[in-house]
Amino acid sequence: MTSVTSIQSAGYSVFIGPQALGDLNSFLQKGGYNKGKLFILVDEHTARHCLPSLTAQVALLEGASILEIESGEASKNIEVCTRLWRAMAELGADRQSLLLNVGGGVIGDMGGFVASTYKRGIPFIQVPTTLLSQVDASVGGKTGIDLDHLKNEIGLFSVPQGVFIWPDFLKTLGRREMISGFAEIIKHALIADKGYWTQLQTCNIADAVVWEELIRHSVQIKNEIVLADPKEKGIRKALNFGHTIGHAIESYFLENDKRQLLHGEAVAVGMIAEAYLSFKYNDFPELELNEVTSFIKSHFSYVEMESMADHRLLELMRHDKKNEKGALNFTLLNRIGEYSINKHATVAQISEALNYYREAAI
Ligand SMILES: NC(=O)c1ccc[n+]([C@@H]2O[C@H](COP(=O)([O-])OP(=O)(O)OC[C@H]3O[C@@H](n4cnc5c(N)ncnc54)[C@H](O)[C@@H]3O)[C@@H](O)[C@H]2O)c1
Ligand SMILES: [Zn+2]
């Protein structure tokens, strides 16, 4: 058994491993929370697959009030928040209440936002249940919702009381969702750890023992970065590798009601396109570009985007929160495991990168 069971973040701990729900139980007992003040946010999938194991292992949660929303990115909006605030008010939630967000990144981001704004802020806990939220979204204190289809446009930095990662939740997660989470793992390796990248080439993500190792490693990488720069003034932008183009693609698919594209699937496209920008304009070696493209291609299906989409994708990129003084801001790779932040690319260069994706990733 691996030794680290908790990682210290900015004012809270991240518990990882088979004992994580036991740790949650002790945490709630120590905090003196009473049943009437505990609220659990779920969607229909986590209500079915995760809530039973949670309440079986965390006795205090048996009497908690359950708030359920419809699953999916389309729920991450202000209307759903209003319904949640109203339900909490009706159920008597107050500043002594605690909200537990039990689900993927949608539940975690929105639940964190709802808790942080309700009565000027009540405490919350993250219990991430997807690979993506276990390796990335639950750590770092970014909470928020989408504005129409603009990703995470409204929100705030707000840290949870604790993060409890129980890898067994992943047993019921579909393969497509697993691979989507794998995108953030790939990102962590590309920006910070060449050895991790090499390990990913041969690891079998269908193996539960492997997940736990990957979760721990990825949380460590993400946590180190957010501890150094909690509010994304500088190096935290490293975590946006693949996301300038990735978020625009995610928004584009959301607004066009096309085949639903998962966050990690959009980021996978973004990473290939941004690795190309890195090669063309940041001296990222061609050999490594080919390695990145073929590895991502081997895990993710090709995402068809007609060239007419580029105009809209660029408009969406202009809304990116990372932009400064009107220039589109990118995090690019120098080589695998090293990055540069605040790199700029022109419209023509971005179109070229999207075309590289269309030709190289098919
Ligand atoms: N805050 C951050 O730092 C951060 C980082 C990365 C991504 N995000 C956000 O996270 C979101 C994506 O998160 P996601 O990929 O977890 O998506 P998600 O929350 O939509 O979950 C994916 C699907 O899996 C289901 N599910 C969850 N746990 C399950 C389980 N154990 N078994 C079976 N089904 C389960 C959900 O109901 C949903 O249908 C995006 O909105 C993205 O913007 C936030
Ligand atoms: Zn992401």
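The structure presented is a predicted model; accordingly, all values stated were derived computationally and were not measured.

**Concerning the coordination of the zinc ion (ligand 2)**
Then, number 1: Protein coordination of the zinc ion (ligand 2) is provided by Glu 184 (OE), His 243 (NE2) and His 263 (NE2), with donor distances spanning 1.9 to 2.1 Å.
Then, number 2: Read N to C, the donor residues that coordinate the zinc ion (ligand 2) are spaced as E-x58-H-x19-H. Placement of the pair is Glu 184 in helix 7 (residues 175-192) and His 263 in helix 11 (residues 263-281), with a sequence separation of 79 residues.
Then, number 3: Of the residues examined, Glu 184 reaches a relative accessible area of 2% and is grouped as buried.

**Thoughts on empty space enclosed by the protein**
Over the atoms, a rolling probe the size of a water molecule traces out where space has been left empty.
Then, number 1: The full count for this structure, using the stated rule, is two cavities of 30 Å³ or more.
Then, number 2: Around the largest cavity, the lining residues are Asn 101, Gly 103, Gly 104, Gly 105, Gly 108, Asp 109, Gln 126, Val 127, Pro 128, Ser 133, Ala 137 and Ser 138.
Then, number 3: Those elements giving two or more residues to the lining of the largest cavity turn out to be strand 5 (98-103), helix 5 (105-117), strand 6 (124-128) and helix 6 (131-137).
Then, number 4: Taken as a whole, the second largest cavity spans an internal volume of roughly 30 Å³.
Then, number 5: Forming the walls of the second largest cavity are Phe 124, Gln 126, Ala 137, Ser 138, Gly 141, Lys 142, Thr 143, Ser 158 and Pro 160.
Then, number 6: Listing elements by their share of the lining of the second largest cavity, those giving two or more residues are strand 6 and strand 7 (142-147).

**Considerations on the pattern of salt bridges**
Then, number 1: Under the counting rule described, the total for this entry stands at 17 salt bridges.
Then, number 2: Here Asp 109 and Lys 76 are joined by a salt bridge, their closest N and O atoms 2.9 Å apart. Remark: Lys 76 occurs in the loop between strand 4 (65-69) and helix 4 (78-90) and Asp 109 occurs in helix 5; sequence separation between them is 33 residues.
Then, number 3: Residue Arg 176 is joined to Glu 265 by a salt bridge in which the shortest nitrogen-to-oxygen separation is 2.7 Å. Note that Arg 176 is positioned in helix 7 and Glu 265 in helix 11, a separation of 89 residues in sequence.

**Regarding the site of ligand 1**
Then, number 1: Asp 43, Glu 73, Thr 130, Lys 151 and Thr 172 are the nearest of the 27 residues found near ligand 1.
Then, number 2: Here an oxygen atom of ligand 1 sits 2.8 Å away from a polar atom, N or O, in the main chain of Gly 105.
Then, number 3: Its free accessible area being 880 Å², ligand 1 has 91% of it covered by the protein chains.
Then, number 4: Of all the secondary structure elements, the ones that give two or more residues to the shell around ligand 1 are helix 2 (44-49), helix 5, helix 6, strand 8 (150-157) and helix 7.
Then, number 5: Among the residues forming the shell around ligand 1, the class breakdown is six nonpolar, 11 polar and 10 charged.
Then, number 6: Counting contributing residues, the shell around ligand 1 receives three or more from each of domain 1 (6-172) and domain 2 (176-360).

**Re the packing of helix 10 (residues 243-255) against helix 13 (residues 309-318)**
Then, number 1: Viewed as axis vectors pointing N to C, helix 10 and helix 13 meet at an angle of 115°, and their least axial separation amounts to 9 Å. In this structure, the crossing between helix 10 and helix 13 has a hand that is right-handed. Taken together, the residues of helix 13 that come into contact with helix 10 (itself represented by Thr 244, Ile 245, Ala 248, Ile 249, Ser 251, Tyr 252 and Glu 255) are Ala 309, Arg 312, Leu 313, Leu 316 and Met 317.
Then, number 2: For the contact of helix 10 with helix 13, the class distribution of residues is eight nonpolar, two polar and two charged.

**A look at the pairing of strand 2 (residues 13-16)**
Then, number 1: Here strand 2 shows two buried faces, one formed by Ser 13 and Phe 15 and the other by Val 14 and Ile 16.
Then, number 2: Bridging between strand 1 (residues 6-8) and strand 2 involves three bridges; their strand directions are antiparallel. Bridge pairing in strand 2 places Ser 6 opposite Phe 15.
Then, number 3: The turn joining strand 1 and strand 2, which pair antiparallel and follow one another in sequence, is formed by four residues; a positive phi near 85° is taken by Gly 11.

**A closer look at the domain arrangement of the protein**
Then, number 1: Per the domain assignment, the segments making up the protein are domain 1 (6-172) and domain 2 (176-360).
Then, number 2: A separation of 26 Å is found between the C-alpha centroids of domain 1 and domain 2.
Then, number 3: The partner domain 2 presents 34 residues to the 29 residues of domain 1 that form the contact.
Then, number 4: Counting each side, the surface lost to burial between domain 1 and domain 2 is near 2,900 Å², with a carbon and sulfur contribution of 67%.

**So, the layout of surface pockets**
Then, number 1: In this structure, the second largest pocket encloses a volume near 210 Å³.
Then, number 2: As for the second largest pocket, its lining consists of 19 residues, and the residues nearest its centre are Ile 179, Glu 265, His 299, Phe 300 and Ser 301.
Then, number 3: Breaking the lining of the second largest pocket down by element, the ones donating at least two residues are helix 7, helix 11 and helix 12 (286-299).
Then, number 4: For the lining of the second largest pocket, the class distribution of residues is 11 nonpolar, three polar and five charged.

**Some details on helix 14 (residues 347-360)**
Then, number 1: Taking 1.5 Å of rise per residue, the 14 residues of helix 14 would be expected to cover 20 Å, and the 20 Å separating its terminal C-alpha atoms lies within 8% of that figure.
Then, number 2: Among the residues of helix 14, those classed as buried are Gln 349, Ile 350, Ser 351, Ala 353, Leu 354, Tyr 356, Tyr 357 and Arg 358.
Then, number 3: On its buried face, helix 14 sits against helix 10, helix 11, helix 12, helix 13, strand 10 (329-335) and strand 11 (338-344).

**Topic: the sheet that holds strand 2**
Then, number 1: Within the open sheet, the seven strands sit side by side as 1-2-9-6-5-3-4. Their pairing is mixed. The open sheet has two edge strands, strand 1 and strand 4, and neither has a second partner. This sheet shows a mean twist of 20° between the axes of neighbouring strands, independent of strand direction.
Then, number 2: Note that strand 5 and strand 6 share five bridges and pair parallel. Its bridge partner lying in strand 6, Leu 99 is registered against Phe 124.
Then, number 3: Lying on the sheet, helix 5 is in contact with strand 3 (38-43), strand 4, strand 5 and strand 6; it crosses strand 5 at an angle near 165°.

Definitions and limits used
- Residues numbered from 1 in each chain as written.
- Chains lettered and ligands numbered in written order.
- Predicted model: local features only at pLDDT ≥ 70, side-chain atom pairs only at ≥ 80, totals over all residues.
- Heavy atoms only, no water.
- Donors = N, O, S within 2.8 Å, 3.2 Å for Na, K, Ca; no water.
- Helix = DSSP H or I, 4+ residues; strand = E, 2+ residues; numbered from the N terminus.
- Buried < 20%, exposed > 50% of the residue type's maximum accessible area, 1.4 Å probe, protein only.
- 1 Å grid on protein atoms, 1.4 Å probe; cavity = no way out; pocket = protein on both sides within 12 Å on 5 of 7 lines; lining within 4 Å.
- Points joined across faces, edges and corners; volume = space filled by probe spheres on them.
- Salt bridge = Lys/Arg side-chain N within 4 Å of Asp/Glu carboxyl O.
- Near = heavy atom within 4 Å.
- Polar contact = N/O pair within 3.5 Å; in protein donor to acceptor, adjacent residues only side chain to side chain.
- Areas by Shrake-Rupley, 256 points an atom, 1.4 Å probe, with all protein chains shown as cover.
- Nonpolar A, V, L, I, M, F, W, Y, C, P; charged D, E, K, R; others polar.
- Domains from an automatic or database assignment.
- Axes fitted to C-alpha atoms, helices over the stretch in contact; angles between N-to-C directions.
- Left-handed = near helix turned anticlockwise from the far one by under 90°.
- Contact = heavy atoms within 4.5 Å.
- Pairing = 2+ DSSP bridges.
- Buried area = accessible area lost by both parts, 1.4 Å probe.
- Expected span 1.5 Å × (residues − 1).

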